[in-house]
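Survey of secondary and tertiary structure
Chain residues, written in single-letter form:
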Amino acid sequence: MRRSLFLLSVLFAAAPLAAHADKKTNVIVIMADDIGFECYSGYGSKFYSTPNIDKLAATGAKFTQAYSQPICTPSRVKIMTGRYNFRNYTQFGSLDLSQPTFAKMVKANGYATCIAGKWQLSPENLKGPYQAGFDEYCLWHFQAIRKDKSAVPKIFHHKGSRFKSPRIFRNGKLIPETEGKYGPDIVTDHILDFIKRKKDSPFLVYYPMILVHNPFVPTPDSPDWEKTDRKRGGREHFRDMVAYMDKTIGRIVAGLDKLGLREKTLLIVTGDNGTNKSITSPFPGRGEIQGGKGSMTDAGNRVAFVANWPGQIRPGTIVNSPVDFGDVLPTVGEVTGSRIPSGSDGQSFLPLLRGDTVGARGWIFMSYSRGGPKSAPFQCFVRDARWKLYADGSLYDVPNDWLEQSPVTGAKGKQPRKRLQSILDRILKDAPRESIQFGKSGKAKKSKTRK
């Protein structure tokens, strides 16, 4: 009798846990456009203000060593597929739609999926987002990439505005009557509506933001929204855009709160590459940081990365272990209980969110070519939090030489070189020889970044 009562008590105690396990976690991945780590107040800036993102970091996790690709399309391909660029990046402005994506992965697990913001990945193909795994979309940028547009429908001849009076497609149709409206508001409204409609079922939202890419123009909160004040320079408008980006993210957080979905939702916020080179930002301890978009240095690919999941991530968690965009897909897969596609190059950082560093990888690998393998070979490096080794043998002590001006030679770099070289050799053995620029010695050769 006592044994039966004990078993019943165990079953009743376990019931809430079982019920919780049956509830799938929602995921929202937000990726701002053209903004490096130096533009967030939560990362040390005194010039920019990002209170909503800062709060997400303070009540969740902030990554200090997070890396994108140096420019937009390569980052978008990598974050969606979880694979190194040399494996599946074909050309600028395009995604191989046959590739697995995090949207396809969770959709196969019963999730509703939505993408809104900047697309750029299926020129002249309005079905592209569907083929990438999204149930619905609200996107800017389906422009044709062909030089000869004579046979291209006029609707694809140009991108149109992304900001004021934008040219945005919603589920295959151009949105009418956008005169005077603001593109980032339209796509954010779509996301909020989607979340409201899908609040009772698991969902994934991918928000590749329109902000803060140039042109640097007024936002609805700028004093010169109605008529641009030419006395206000590009950096002043860029600063307005950073603030509006943060405000937009705050709207999404507020929407989740209103629907009671915060504890059921993992929210990730990052950026696709470094800041535009025309923007120079004051940063404590480093003076002025010039944007490094397109470069292989920290200024080109070190980005802010924040994760928030109330009840699952301890507030104030700091993650110092390096992660990159290839890690997003396996993390989303583990969080949602989805089957992770074979061939993923990433590693789930879910343990890091919970403070477990035992199995942390401790390094990231990057291969990059702006135009893909047909236009230029891939540049490659492997790095940890301190040391960075390129495929041509150049080694840098990044915290002490973050612009990479003085390669380390001799005994000082012997141990890190040996350790990183073994990782590099293991990865590059799978790379097609023609995709890496090899010198006469047979070793990969580092080439200058294409602009």
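Residues numbered from 1 in each chain as written. Predicted model: local features only at pLDDT ≥ 70, side-chain atom pairs only at ≥ 80, totals over all residues. Heavy atoms only, no water.

Digging into the overall build of the chain
For the chain, the count of helices and strands is 12 helices and 18 strands. The dimensions of the chain, computed from C-alpha atoms along their principal axes, are 80 × 60 × 45 Å. Relative to its 451 residues, the chain shows a buried fraction of 56%. For the chain, the proportion of contacts with a sequence separation of at least 24, taken over those separated by at least 6, is 66%. Within the structure as shown, the chain displays about 19800 Å² of accessible surface, and the carbon and sulfur contribution to it stands at 52%. The distance from the centre of the 69 positive side-chain charges to the centre of the 41 negative ones in the chain is 4 Å. (Helix = DSSP H or I, 4+ residues; strand = E, 2+ residues; numbered from the N terminus. Buried < 20%, exposed > 50% of the residue type's maximum accessible area, 1.4 Å probe, protein only. Contact = heavy atoms within 4.5 Å. Areas by Shrake-Rupley, 256 points an atom, 1.4 Å probe, with all protein chains shown as cover. Lys, Arg positive; Asp, Glu negative; His and termini not counted. Charge placed at Lys NZ, Arg CZ, Asp CG, Glu CD.)

Some thoughts on the confidence of the model for the chain
The pLDDT averaged across the chain works out to 91; a share of 91% of its residues lies at or above 70. Across residues 1-22 the pLDDT falls below 50, and counting only partners more than four positions away or on other chains, this stretch makes one contact in the model. For residues 438-444, every residue scores under 50 in pLDDT, and the model assigns this stretch 11 contacts once sequence neighbours within four places are set aside. (pLDDT = per-residue confidence, 0-100.)

Section: the packing of aromatic side chains
This model, assessed by the stated rule, comprises 23 aromatic pairs. Through a chain of ring-to-ring contacts, the aromatic side chains of Tyr 130, Tyr 137, Phe 142, Phe 156 and Phe 169 assemble into a single cluster. Positioned above the aromatic ring of Phe 381, the side-chain terminus of Lys 388 is 4.2 Å from the ring centre. (Phe/Tyr/Trp six-rings, centres within 6.5 Å; stacked < 30°, edge-to-face > 60°. Lys NZ or Arg CZ within 6 Å of the ring centre and 35° of its normal.)

Notes on the state of the cysteines
Across all of its chains, the model carries zero disulfides by this definition. Sulfur of Cys 114: no disulfide; nearest cysteine sulfur belongs to Cys 138 and is 8.0 Å away. Take Cys 114: its relative accessible area is 0%, and that puts it in the buried class. For the unlinked cysteine Cys 380, the closest cysteine sulfur is that of Cys 72, found at 19 Å. Overall, the relative accessible area of 4% leaves Cys 380 in the buried class. (Disulfide = S-S within 2.5 Å.)

Points about the pairing of strand β10 (residues 280-283)
Here β10 shows a clear split, with Ser 281 and Phe 283 buried on one side and none of Thr 280 and Pro 282 buried on the other. The sheet contact formed by β10 and strand β11 (residues 287-290) spans four bridges and is antiparallel. Bridging across to β11, Pro 282 finds its partner in Glu 288. Between β10 and β11, which pair antiparallel in sequence order, lie three residues; one of them, Gly 285, sits at a positive phi of approximately 90°. (Pairing = 2+ DSSP bridges.)

Re the environment of Ile 175
Along the chain, Ile 175 turns up in the loop between β7 (173-174) and α7 (183-197). Taking the relative accessible area as the measure of exposure, Ile 175 reaches 13% and is therefore buried. Sequence-wise, Ile 175 and Thr 331 are 156 residues apart; in three dimensions their C-alpha atoms are separated by 34 Å. Setting aside its immediate chain neighbours within four residues, Ile 175 contacts Cys 138, Ile 168, Arg 170 and Ile 186.

Focus on the sheet that holds strand β17 (residues 387-390)
On the basis of which strands lie adjacent, the open sheet formed by four strands has the order β15-β16-β17-β18 and antiparallel pairing. Edge positions in the open sheet fall to β15 (364-368) and β18 (395-397), since each of these has one partner strand only. For this sheet, the mean angle separating the axes of adjacent strands, direction not counted, is 20°. Bridge count for strand β16 (residues 379-383) against β17 is three bridges, and the pairing is antiparallel. Looking across to β17, one finds that Arg 383 is bridged to Lys 388. Along the sheet face, helix α12 (residues 414-428) touches β15, β16, β17 and β18 and points at about 45° away from the line of β17. (Axes fitted to C-alpha atoms, helices over the stretch in contact; angles between N-to-C directions.)

Here's the deal with unusual backbone geometry
Between Leu 211 and the following residue, Val 212, the backbone shows a cis peptide bond with an omega angle of 10°. Tracing the sequence through the fold places Val 212 in the loop between β8 (203-208) and α8 (234-258). That bond from Asn 214 to Pro 215 is cis: its omega, 10°, falls within 30 degrees of zero. By the element assignment, Pro 215 lies in the loop between β8 and α8.

Thoughts on α7
With 15 residues, α7 should reach 21 Å at 1.5 Å per residue; the first-to-last C-alpha distance of 21 Å fits that figure. Buried residues along α7 sit against β1 (26-32), β4 (112-118), β5 (136-140), β6 (168-170), β8 and α8. (Expected span 1.5 Å × (residues − 1).)

A closer look at the side chain of Arg 83
Residue position: Arg 83 is located in the loop between α3 (72-81) and α4 (85-88). Buried and without a salt bridge, Arg 83 has Asp 345 as its closest oppositely charged side chain, separated by 5.9 Å. A polar contact of 2.8 Å, which involves the side chain of Arg 83, links it to the backbone oxygen of Ser 342. With sequence-adjacent residues up to four places away left out, Arg 83 is seen in contact with Lys 78, Asn 88, Gln 99, Pro 100, Ser 342, Gly 343, Ser 344 and Asp 345. (Salt bridge = Lys/Arg side-chain N within 4 Å of Asp/Glu carboxyl O. Polar contact = N/O pair within 3.5 Å; in protein donor to acceptor, adjacent residues only side chain to side chain.)

A few points about the packing of α7 against α8
Interhelical geometry of α7 versus α8 gives an angle of 15° and a closest axis separation of 10 Å. As far as their axial angle goes, α8 and α7 are roughly parallel. As for how α7 packs across α8, the hand of that crossing is right-handed. Listed contacts from α8 to Asp 185, Thr 188, Asp 189, Ile 191, Leu 192 and Ile 195 of α7 are Tyr 244, Thr 248, Arg 251, Ile 252, Gly 255 and Leu 256. Taken together, the residues that form the contact of α7 with α8 break down as six nonpolar, three polar and three charged. (Parallel < 35°, antiparallel > 145°, perpendicular 65-115°, else oblique. Left-handed = near helix turned anticlockwise from the far one by under 90°. Nonpolar A, V, L, I, M, F, W, Y, C, P; charged D, E, K, R; others polar.)

Notes on the packing of helix α2 (residues 51-58) against α8
Running from N to C, α2 and α8 point in directions that differ by 55°, and their axes come no closer than 7 Å. It follows from the interaxial angle that α2 and α8 lie oblique. Across the interface between the two elements, Pro 51, Asn 52, Ile 53 and Leu 56 from α2 touch Met 245, Asp 246, Lys 247, Ile 249, Gly 250 and Val 253 from α8. Of the residues in the contact of α2 with α8, the class split is six nonpolar, two polar and two charged.

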